[in-house]
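# Breakdown of the fold
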2 protein chains.
Amino acid sequence: MSTQDVNELMQQMGERARAAATAMARANAASKNAALRELARLLGESGAALDAANAQDIARAETAGLSAPMVDRLRLGTKVVATLQEGCLQLAAMPDVIGTIQGLQEQPSGIRVGQMRVPIGVFGMIFESRPNVTIEAASLSIKSGNACILRGGSEAIESNKALAAIVQQALVSAGLPADAVQLVPTTDRAAVGRLIAMPEYVDVIIPRGGKGLIERISAEAKVPVIKHLDGNCHTYVDAPCDLDMAVKLADNAKTQKYSPCNATESLLVAAEMAEAFLPRIGRIYKDKGVEMRCDAASRAILAGHADTRDAQLVDATEEDWSTEYLAPIISVKVVAGLDEAIAHINRYSSQHTEAIVTTDHIHAQRFLREVDSSSVMVNASTRFADGFEYGLGAEIGISTDKFHARGPVGIEGLTSLKYVVLGQGEVRG
Amino acid sequence: MSTQDVNELMQQMGERARAAATAMARANAASKNAALRELARLLGESGAALDAANAQDIARAETAGLSAPMVDRLRLGTKVVATLQEGCLQLAAMPDVIGTIQGLQEQPSGIRVGQMRVPIGVFGMIFESRPNVTIEAASLSIKSGNACILRGGSEAIESNKALAAIVQQALVSAGLPADAVQLVPTTDRAAVGRLIAMPEYVDVIIPRGGKGLIERISAEAKVPVIKHLDGNCHTYVDAPCDLDMAVKLADNAKTQKYSPCNATESLLVAAEMAEAFLPRIGRIYKDKGVEMRCDAASRAILAGHADTRDAQLVDATEEDWSTEYLAPIISVKVVAGLDEAIAHINRYSSQHTEAIVTTDHIHAQRFLREVDSSSVMVNASTRFADGFEYGLGAEIGISTDKFHARGPVGIEGLTSLKYVVLGQGEVRG
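Given the structure is predicted, the values throughout are model-derived calculations rather than measurements. (Residues numbered from 1 in each chain as written. Chains lettered and ligands numbered in written order. Predicted model: local features only at pLDDT ≥ 70, side-chain atom pairs only at ≥ 80, totals over all residues. Heavy atoms only, no water.)

## Side note on the environment of A:Gly423
Residue and element names in this part refer to chain A. Mapped onto the secondary structure, glycine 423 falls in strand 16 (residues 415-426). Owing to a relative accessible area of 15%, glycine 423 belongs among the buried residues under this scheme. For the pair glycine 423 and arginine 18, spaced 405 residues apart in the sequence, the C-alpha separation amounts to 31 Å. (Helix = DSSP H or I, 4+ residues; strand = E, 2+ residues; numbered from the N terminus. Buried < 20%, exposed > 50% of the residue type's maximum accessible area, 1.4 Å probe, protein only.)

Written out as structure tokens, the structure reads:
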């Protein structure tokens, strides 16, 4: 497509999204839930059509020589579809927050003032590879009364088109506008540039993908961006703490999965606990093949202990303290205590998720209050930083920003509050 | 100053603000409230110093030939100072929202998840003329646990410097960092350009001033902007309604003051009420010298009635429906009913504040739900759209955006929510 054609296409999609957003904002809960249930049903019924579209993407990916894990991410197997159906049904069963009024209170003038939760309007979502994001984004958009324009990865274009067609069928069957969920039908890169620069049609952009993509979009967008950069998450083993719990948490936070953004990348240990704690966790990391990038104090302890002297021990560089490995590597540092731990975290973390393991109530309170990250935890694995685990029902992304939404973003992150004023003829004096 | 000097100055202010923000985020309620009470006391004590600084600004303004109203806006009279003192004391008496935890709830995994209200960090405020904004912004910043960098208008620079010195004295006396409130000491325009482009030091920019200033800042800022554009506010007189109430509200909303952004600029009238209503309000507008820019239907009624045929009646152009007059002018249109009123408002309003006058419950509910503005009102004057009237205690501005904060912005608009997770050693399975 020519750039002009892309611009015209995006402009038309924007106009249609804006019109659909008005209808979605007025839609009652029953219609939105009916659309979600119908979407779940259609996903179950459309196996053959989805398989055919998905097979095209997979064949193209294999011909292009994509790695096996990359090809796997494209697959819309029975299990993936079942999870998507389950997600739609869960959302349909959740209470509708749109139109709820909070804090309605009478003021000295006599007017009653409260805040009504309303949809943001139109959001644009830009994502890579996994086609299931199409359904996750669409279902959250429907439930929250927004309209959305989705731009998936080019490698999943046929799957995404097939899924978007099902979404539109579900919307229409529930009496809602098909344009409430639109997929950008071209893989032309100019479409992204246009999507992020149409403040008249798009209220917010949510990118999901690598840090490079997100930084580029944030720099160029003409509308707000709910962005998730890196997750350099910390677990701090405090003194005093339950050592068994500390070992269990530091193990799970690092090794339960290496690729998620909420995996712990840096382990801080209070000096008082280091001798007792480090060899125990070090032994586990060694057995699981986790490389430890250590400061001098932690290296001395680990290298000096029979269980861990032959572990993969490397001297940490200054860069290690800021690094999100997403791999079987962890940085390790001994700190004097809580103050140094908080200072280190606030300096080096990416403000994503940090946990303290402690039995000291005051330390726990101070950690919660003073660590400036989107999720702060006491005695829990950083791996819990997730919309589903937090009870949001679903997650459109995780925000590492402080503005508008912070941490896992669910339905509320796609809404805004407007003031409602109920009077009986009051005037300003 | 050279551009390089300005850049260095702003960089240093940014670093100091960031450091102060950390201390402010940890500050307890007692210290913040002590600083506010001390600020109120010092404002009362510093009459002579403030007068001297203020006199310099006024002399300069008069020499420069500023208009009398512009010079008046610079004046820090006894009454202005008393209002500022009162504001500080009111804020000190309000509950502290920082550190409060909402929605703490146990999840299926056993972890308890809630959200803690925390300061945004550092905000930059850019404002014109009135020096009292220095104190309003400083006091809100202190109460909300933020640090701020204030950039006032060049015409009030001496007054602002004197006020900022008092604020810093109050902070220090309460054991808080003086750098929590910094005033840009130069009137160099390059300072604004730098202030809005330091995401490493400044988390959000709040401009207050003309639409041109705000659009320019929004276009150039590298951080989020809480912006207030125009207030093209509507009052819609529905059928059925209480006619006496409609007249009282349409009068107050337009004429109580012409310059505020929440004054009504456009009057919509249901056709069924037009014959009875328009001559009554038209007579009042005529007597107060308000020009009416009418559609054909309203003009016919007004021109045909003895009370209003010699009023200032003008044919409205398409542009009138979008115009914020801030003057004794109002656009007037007869609509078929609620649907047309809502459609007209959602097309032409600036999404600031709109009111319906009605006795119909379903119409009221639909107006509240379907009008997409930051404040929607039933049977009240649009002039109530204001942080004080809404019970926010104070107002840093009014947002016409949907993102983060909408409508009058008080302390909560300067805060964010982070997730807190309380566990007992839970891990992800």
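## Concerning the environment of A:Ala296
Residues and elements named next belong to chain A. With respect to the element layout, alanine 296 can be found in helix 12 (residues 296-303). For alanine 296, a relative accessible area of 65% translates into the label exposed. When the C-alpha atoms of alanine 296 and lysine 248 are compared, they prove to be 24 Å apart, with 48 residues separating the residues in sequence.

## Re empty space enclosed by the protein
Following the criterion strictly, the structure yields two cavities of 30 Å³ or more and no others. Volume-wise, the largest cavity comes out at about 50 Å³. Around the largest cavity, the lining residues are A:Ile206, A:Pro207, A:Arg208, A:Ile226, A:Lys227, A:His228, A:Ile396, A:Gly397, A:Ile398, A:Ser399 and A:Val409. Contributing elements (two or more residues each) for the lining of the largest cavity: strand 6 (204-208) and strand 14 (397-399) of chain A. Class assignment for the residues of the lining of the largest cavity results in six nonpolar, three polar and two charged. The computed volume of the second largest cavity comes to approximately 30 Å³. In terms of lining residues, the second largest cavity is bounded by B:Arg151, B:Gly152, B:Ile157, B:Asn160, B:Leu183, B:Val184, B:Thr186 and B:Thr187. (1 Å grid on protein atoms, 1.4 Å probe; cavity = no way out; pocket = protein on both sides within 12 Å on 5 of 7 lines; lining within 4 Å. Points joined across faces, edges and corners; volume = space filled by probe spheres on them. Nonpolar A, V, L, I, M, F, W, Y, C, P; charged D, E, K, R; others polar.)

## Here's the deal with the pattern of salt bridges
The full count for this structure, using the stated rule, is 54 salt bridges over all chains. A salt bridge links B:Arg428 to A:Glu389, with the nearest nitrogen and oxygen atoms 3.4 Å apart. Residue B:Arg428 is located in the segment after strand 16 (415-426), and its partner A:Glu389 is located in the loop between strand 13 (375-380) and strand 14; the two belong to separate chains. With a closest N to O distance of 2.9 Å, B:Glu38 and B:Arg41 form a salt bridge. Here the residue B:Glu38 and the residue B:Arg41 both occupy positions in helix 2 (residues 29-45), the gap between them amounting to three residues, near one helical turn. A relative accessible area of 41% places B:Arg41 in the partly exposed class. If you follow the salt bridges from partner to partner, you end up with A:Arg26, B:Asp339, B:Arg366 and B:Glu370 in one network. (Salt bridge = Lys/Arg side-chain N within 4 Å of Asp/Glu carboxyl O.)

## Considering the domain arrangement of chain A
Under the domain assignment, chain A is made up of domain 1 (3-226 + 409-420) and domain 2 (233-384). Relative placement of domain 1 of chain A and domain 2 of chain A: their C-alpha centres are 37 Å apart. (Domains from an automatic or database assignment.)

## Quick word on the interface of chain A and chain B
Contacts between the two partners involve 65 residues from chain A, matched on the other side by 65 residues from chain B. Here chain A meets chain B over a buried area of about 5,500 Å², counting both sides, of which 55% is carbon and sulfur. Considering only the side of chain A, the residues that lose the most area to chain B are A:Phe403, A:Tyr419 and A:Arg428, jointly responsible for 17% of the buried surface there. Summed over the shared surface of chain A and chain B, the number is four salt bridges. A salt bridge links A:Glu370 to B:Arg26; the nearest nitrogen and oxygen atoms lie 3.3 Å apart. Seen at the junction of chain A and chain B, the total is 47 residue pairs in polar contact (both at pLDDT 80 or more). (Contact = heavy atoms within 4.5 Å. Buried area = accessible area lost by both parts, 1.4 Å probe. Polar contact = N/O pair within 3.5 Å; in protein donor to acceptor, adjacent residues only side chain to side chain.)

## Focus on the packing of aromatic side chains
For the structure shown, the criterion picks out three aromatic pairs over all chains. Each ring, one from A:Phe403 and one from B:Phe403, has its centre 6.4 Å from the other, and the planes form 45 degrees; the classification is tilted. Highlighted residues: A:Phe403 in the loop between strand 14 and strand 15 (407-409) and B:Phe403 in the loop between strand 14 (397-399) and strand 15 (407-409), drawn from two different chains. Exposure class is identical for A:Phe403 and B:Phe403. Each is buried. Judged by centre distance (4.8 Å) and plane angle (40 degrees), the ring pair of A:Tyr419 and B:Tyr390 falls under tilted. One end of the pair, A:Tyr419, is in strand 16; the other, B:Tyr390, is in the loop between strand 13 (375-380) and strand 14, on a second chain. The same class applies to A:Tyr419 and to B:Tyr390, which are both buried. Over the ring of A:Trp321 we find A:Lys333, and its NZ or CZ is 5.5 Å from the ring centre. (Phe/Tyr/Trp six-rings, centres within 6.5 Å; stacked < 30°, edge-to-face > 60°. Lys NZ or Arg CZ within 6 Å of the ring centre and 35° of its normal.)

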